[in-house]
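The lines below spell out each chain.
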Amino acid sequence: ERVKKRCSGPVFVLPLDLGNSNAFEDYTPSIIVMPRISFSFPISEDALFFAHYDILSQRPTTGIRSNPIDYLYIDNITGNYTLNNPDLRPTRTIDYEVGFQQVLSRSSSLKIAGFYREQRDEITVINVAGAYPKTYKSYGNLDFGTVKGITLTYDKRKSKNLWMKVSYTLQFAEGTGSSAGSSVSLINSGQPNLRAIFPYNYDQRHAVNATVDFRYGEDKDYNGPVVAGKQIFKNTGVNFTANYASGTPYSAAKFSYPITGGAPILDGTPNGSRTPGTFLVNLQLDRNFMLKFGPKKQKTAALNVYLLFNNLLNTKNILGVYRATGNPDDDGYLSDPQYQTLIASQINEASFRDYYALRTNNPYNYSLPRTIRLGVKLDF
């Protein structure tokens, strides 16, 4: 029942009586059993079949903390305001994996694993239609999705100073929403709580990771060059890592719009376009020194000195692009015919173009350039 309360200021209309015990109800506890089952079955001395089944759950992290004051002024809610929902259920992930591992030699093996993950009760913005006293937006457990793929891994254990591991992953990640706010535009357009399957924002089709480590031992385990009776490279090694990843999805726009704001018009389907792939190489040179201290030098510590090259090749990887152009440094506004009159009306057109170009060349759209670090680590 509506209640009017007069204060020293304006008159506030309360949509419901918060003192009424029927206005709210207690949260019903959610009980989720999370079994983890795994097994392996040796086919022979050199081959192994394995599988596992997991159920993982997480408490809601978005929109769960509610303030009763929000309901007092629900009549005044406009725009994109979304009420929190303390009745959200935990999200769940059901994970399946089966695989096969084969020994290729005394120091190497090949592993093939297929995985399938179901994501349920994901949190998203919903439209609470027909609610009293008005329709409003809140959060609900409506989104779902799947992640499936296969991974091939070649593993070479340390042999003759060399250790190496190479893996390739083919993945398909898709669902009804990449985050809780994925459906906001649809809800704001007055549509019901529709659901459609599209690629997730983090859907990465191909990923290749390689690690190579070459290292010398000391004393009897040293097989490197010796100068004047000294093992000049003892406890010294070099570590090389390389990573390639295909591009991630984004939603292209038909027309450009100012970087200061605008309403983009979708071109194609949500997350129907992809950024370029990325390639990164890191290199580390390091050497271990054994330190002895204390009475009779009974205590020891390991000192590691390293030189690390991040992004060794100084690759200019593109991490983000503008929706209208697909470029990381140009949103298309300055060259769009519909904005030329507005741009020409600025106090200084040339200056405006220069500053706008600087603004759109966002450094966060690129990976970090080459960096070199010299450091030490002490283990004791």
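Reading the values: the criteria
- Residues numbered from 1 in each chain as written.
- Predicted model: local features only at pLDDT ≥ 70, side-chain atom pairs only at ≥ 80, totals over all residues.
- Heavy atoms only, no water.
- Salt bridge = Lys/Arg side-chain N within 4 Å of Asp/Glu carboxyl O.
- Helix = DSSP H or I, 4+ residues; strand = E, 2+ residues; numbered from the N terminus.
- Buried < 20%, exposed > 50% of the residue type's maximum accessible area, 1.4 Å probe, protein only.
- Patch = residues over 30% accessible without salt bridge, like charges linked within 9 Å, V, L, I, M, F, W, Y side chains within 5 Å.
- Areas by Shrake-Rupley, 256 points an atom, 1.4 Å probe, with all protein chains shown as cover.
- Polar contact = N/O pair within 3.5 Å; in protein donor to acceptor, adjacent residues only side chain to side chain.
- Contact = heavy atoms within 4.5 Å.
- Phe/Tyr/Trp six-rings, centres within 6.5 Å; stacked < 30°, edge-to-face > 60°.
- Lys NZ or Arg CZ within 6 Å of the ring centre and 35° of its normal.
- Core = buried A, V, L, I, M, F, W, Y, C linked by side-chain atoms within 4.5 Å.

Peer 1: Quick rundown of the pattern of salt bridges? Include the residues and the values.
Peer 2: Summed over all chains, the structure comprises 11 salt bridges. One salt bridge connects Arg 89 with Asp 121, and the closest N-O pair in it is separated by 3.0 Å. Taken as a pair, Arg 89 in the loop between α1 (69-72) and β5 (91-105) and Asp 121 in strand β6 (residues 108-128) lie far apart in primary sequence, 32 residues in all. On the basis of relative accessible area, Arg 89 is assigned to the partly exposed category, the value being 39%. Asp 121 sits in the buried class, given a relative accessible area of 16%.

Peer 1: Summarise a nonpolar patch on the surface; cite the residues concerned and give the values.
Peer 2: Among the surface-exposed residues, Phe 39, Phe 41, Ile 43, Phe 49, Val 98 and Phe 100 lie close enough to one another that they form a single nonpolar patch of about 570 Å² accessible area. Secondary-structure elements contributing two or more residues to the nonpolar patch are β3 (36-44) and β5. In terms of residue count, the dominant contributor to the nonpolar patch is β3 (3 residues). You can see Phe 39 is positioned in strand β3.

Peer 1: Requested: an account of the side chain of Asp 203, with residues and values cited.
Peer 2: Note that Asp 203 resides in the loop between β9 (198-199) and β10 (206-215). The class for Asp 203 is buried, based on a relative accessible area of 1%. A polar atom in the side chain of Asp 203 sits 3.0 Å from the side chain of Arg 205. Among residues more than four places away in sequence, those in contact with Asp 203 are Gln 171, Phe 172, Ala 173, Gly 247, Thr 248, Pro 249 and Arg 274.

Peer 1: So what's going on with unusual backbone geometry? Residues and values would help.
Peer 2: Of note, the phi angle at Asn 271 is positive, near 55°, even though the residue is not glycine. As for its placement among the helices and strands, Asn 271 is situated in the loop between β14 (249-250) and β15 (273-274). For Asn 271, a relative accessible area of 11% puts it in the buried group. Even without being glycine, Asn 311 reaches a positive phi, approximately 55°. Along the chain, the position of Asn 311 falls in the loop between β17 (299-310) and α3 (340-344).

Peer 1: Let's hear about the packing of aromatic side chains: which residues, and what values?
Peer 2: With the rule as written, the count across this model stands at 10 aromatic pairs. Between Tyr 200 and Tyr 202, the ring centres sit 4.9 Å apart and the planes meet at 15°, which makes this aromatic pair stacked. Under the relative-accessibility criterion, Tyr 202 is labelled partly exposed at 40%. An aromatic cluster is built from Phe 214, Tyr 216, Tyr 222 and Phe 233, whose rings are joined through pairwise contacts. The side chain of Lys 316 reaches across the aromatic face of Tyr 366, ending 5.0 Å from its centre.

Peer 1: Let's hear about the nonpolar core: which residues, and what values?
Peer 2: Side chains of a nonpolar character, in soluble globular proteins, are inclined to be buried together. By size, the foremost hydrophobic cluster in this structure holds 6 residues: Leu 88, Ile 123, Val 125, Tyr 139, Ala 180 and Ile 187. In this structure, Val 125 is in contact with Thr 82, Lys 137, Ser 138, Tyr 139, Ala 180, Gly 181, Ser 183, Val 184, Ile 187 and Arg 195, ignoring residues within four places of it in sequence.

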